[in-house]
Amino acid sequence: MESCNAVEREVEKVFNKFAGLKDHSTKNLDELCNSIQSIQRELGDGETLTATQTLILTQTVRRIKEAVSRLGQEHKELHSTVSKVGKSIDRNFVNDLTSIATDGAFEGTEKTHLLNEVVCEHFMRQGMLDIADALVAEANLEIAGEKKEPFLELHRILGALKQKNLEPALCWATSNKDRLREINSCLEFKLHRLKFIDLLRQGHMSQTEALYYSRHLSQFASQYPRDLQVLMGSMLYLRQGIENSPYAHLVAPIYWEEICDVFTRDACCLLGMSVESPLSVSIRAGCLALPPLLNIRQVMQQRQVSGVWSNKDELPVEIDLGKDYRYHSTFACPILRQQTTDTNPPMRLICGHVISKDALTKLSNGTKVKCPYCPIEQLPMEAKQIYF
């Protein structure tokens, strides 16, 4: 944190320098412009200049040259202030990350190819198809057309939703109705609700059309009865405008933002993909994990115990990235108070209690193991490994 504060102080100096230079330059330029305009009015249409006017012009030209020279000097001083930010970053942050990197993680043709595919898929997910095509050409990747087509359709529909055009999304939801119901999706209902609300916003002239369209909502009566009651009740205020009624919340912009998120989530689910790009998630997780790893490495080097972290498949300290980065269950041994690993998996005893393999070994007394929670005894080989 102290490193961030040090860099922030340098950046603050740059901002203050920029603001001061801008104010000073604006003031000087305004004064020069006013002076020139005043001289122009004084000269008028005269063809010859008097000695006084010539002197005034000479002084004005000299002032302009001095102002330009002064602005150039101040601009040079600004460069030195900006360069101090880079020096502060280099001084306060570690540039060498090889000490915590896994050797050979991205070496080899196969790994490079896989990494390029991950980056290419990220660009396709973000809608940057031209960049993805350029990467495919330069990295000699082979991306099948059927793999690219879902991304094209996804961003085409999202683009329409952002323009408040529901038709492409409605067509997609209708064609995938059965699959959406299998995952208990609310997408189709929310699309029809937005379409119905859009008709209500057009006033009483669209009352008949809205009533006919409400037939699309009848299929959701058992799932969303309260929402349908609200929608039908809002029709009582068509003449005065739904925006001026107790149902004004129905036209809030948040519903359009929500439908984009719901569509993205359900479309990715049907495509067998995560909502967020794996590359983005990996980078964010790495940014959170990097500072404590660098700190522990520095401490190890200072105390000359760098050999302790010899197994780079496991972290030397526990790093909590938050609940947003938890994708699978974890088990901590109630005996040793440690999380299980591939080499120390959870083991289920015949009584149903679960401990770690290391704890099972330590509790073994000859050929018998007594459960630490109940009096049941068993053979060590009777314990079964559990997979989460």
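These figures come from a predicted structure and were not determined experimentally.

### Quick word on the packing of aromatic side chains
In this structure the tally under the stated criterion is five aromatic pairs. When the ring of F189 is compared with that of Y224, the centres are 4.1 Å apart and the planes differ by 10°; the resulting orientation is stacked. Within this pair, whereas F189 is found in helix α8 (residues 187–201), its partner Y224 is found in the loop between α9 (207–213) and α10 (225–234), the two being separated by 35 residues in sequence. You'll find F189 and Y224 in the same group, each marked buried. Geometrically, the ring pair formed by F220 and Y224 is tilted, given 6.4 Å between the ring centres and 55° between the ring planes. Each member of the pair, F220 as well as Y224, is classed as buried. Members of the aromatic cluster, joined through ring pairs, are F189, F220 and Y224.

### Considerations on the side chain of S277
With respect to the helices, strands and loops of the structure, S277 is situated in the loop between α11 (254–270) and α12 (278–302). In this structure the side chain of S277 is engaged in a polar contact, spanning 2.7 Å, whose partner is the side chain of H122. Those residues in contact with S277, other than ones at most four positions away along the chain, are H122, R125 and Q126.

### Here we look at the UniProt feature "domain: CTLH" (unreviewed entry) in the protein chain
As annotated by UniProt and renumbered to match this structure, "domain: CTLH" (unreviewed entry) occupies residues 150–207. Taken end to end, residues 150–207 comprises 76% helix and 0% strand; its first and last C-alpha atoms sit 37 Å apart.

### Quick word on α11
The first and last C-alpha atoms of α11 sit 24 Å apart over 17 residues, in line with the 24 Å expected at 1.5 Å per residue. Residues of α11 that are buried: W256, I259, C260, V262, F263, T264, D266, A267, C268 and L270. Among the residues trailing α11, G272 stands out with phi positive, at a value near 75°.

### Some words on the domain arrangement of the protein chain
We note that the domain assignment places domain 1 (1–87), domain 2 (147–271) and domain 3 (332–385) within the protein chain. Centre-to-centre, using C-alpha coordinates, domain 1 lies 57 Å away from domain 2.

### Comments concerning the UniProt feature "domain: RING-Gid-type" (unreviewed entry) in the protein chain
Residues annotated in UniProt with the feature "domain: RING-Gid-type" (unreviewed entry) correspond here to residues 333–374. Helix makes up 17% of residues 333–374 and strand 26%, whereas the separation of the span's terminal C-alpha atoms amounts to 16 Å.

### Describing the state of the cysteines
Every disulfide links exactly two cysteines, by a covalent bond between their sulfur atoms. Under the criterion given, the structure shown has zero disulfides. We note that C120 lacks a disulfide partner, and the nearest cysteine sulfur, in C268, lies 16 Å from it. Take C120: its relative accessible area is 0%, and that puts it in the buried class. Cysteine C260 remains unbridged, with the sulfur of C268 as its closest cysteine sulfur at 13 Å.

### Comments concerning unusual backbone geometry
Positive phi outside glycine occurs at K164, with the angle close to 60°. Along the polypeptide, K164 turns up in the loop between α5 (145–162) and α6 (167–175). Not every positive phi belongs to a glycine, and R337 is a case in point at roughly 60°. If you trace the backbone, R337 turns up in the loop between α12 and β1 (346–348).

### Structural notes on the sheet that holds β1
Pairing between the strands of a sheet is mediated by backbone hydrogen bonds and can be parallel or antiparallel. Here we have three strands laid out as an open sheet, ordered β2-β1-β6, and antiparallel in their pairing. Two strands close off the open sheet at either side, each with one partner strand: β2 (354–356) and β6 (384–385). Pairing analysis gives three bridges linking β1 to β2, with the strands arranged antiparallel. Considered in β2, the bridge of M347 is made with I355.

Calculation rules
- Residues numbered from 1 in each chain as written.
- Predicted model: local features only at pLDDT ≥ 70, side-chain atom pairs only at ≥ 80, totals over all residues.
- Heavy atoms only, no water.
- Phe/Tyr/Trp six-rings, centres within 6.5 Å; stacked < 30°, edge-to-face > 60°.
- Helix = DSSP H or I, 4+ residues; strand = E, 2+ residues; numbered from the N terminus.
- Buried < 20%, exposed > 50% of the residue type's maximum accessible area, 1.4 Å probe, protein only.
- Polar contact = N/O pair within 3.5 Å; in protein donor to acceptor, adjacent residues only side chain to side chain.
- Contact = heavy atoms within 4.5 Å.
- UniProt positions renumbered as here; feature names shortened; annotations may be inferred.
- Expected span 1.5 Å × (residues − 1).
- Domains from an automatic or database assignment.
- Disulfide = S-S within 2.5 Å.
- Pairing = 2+ DSSP bridges.

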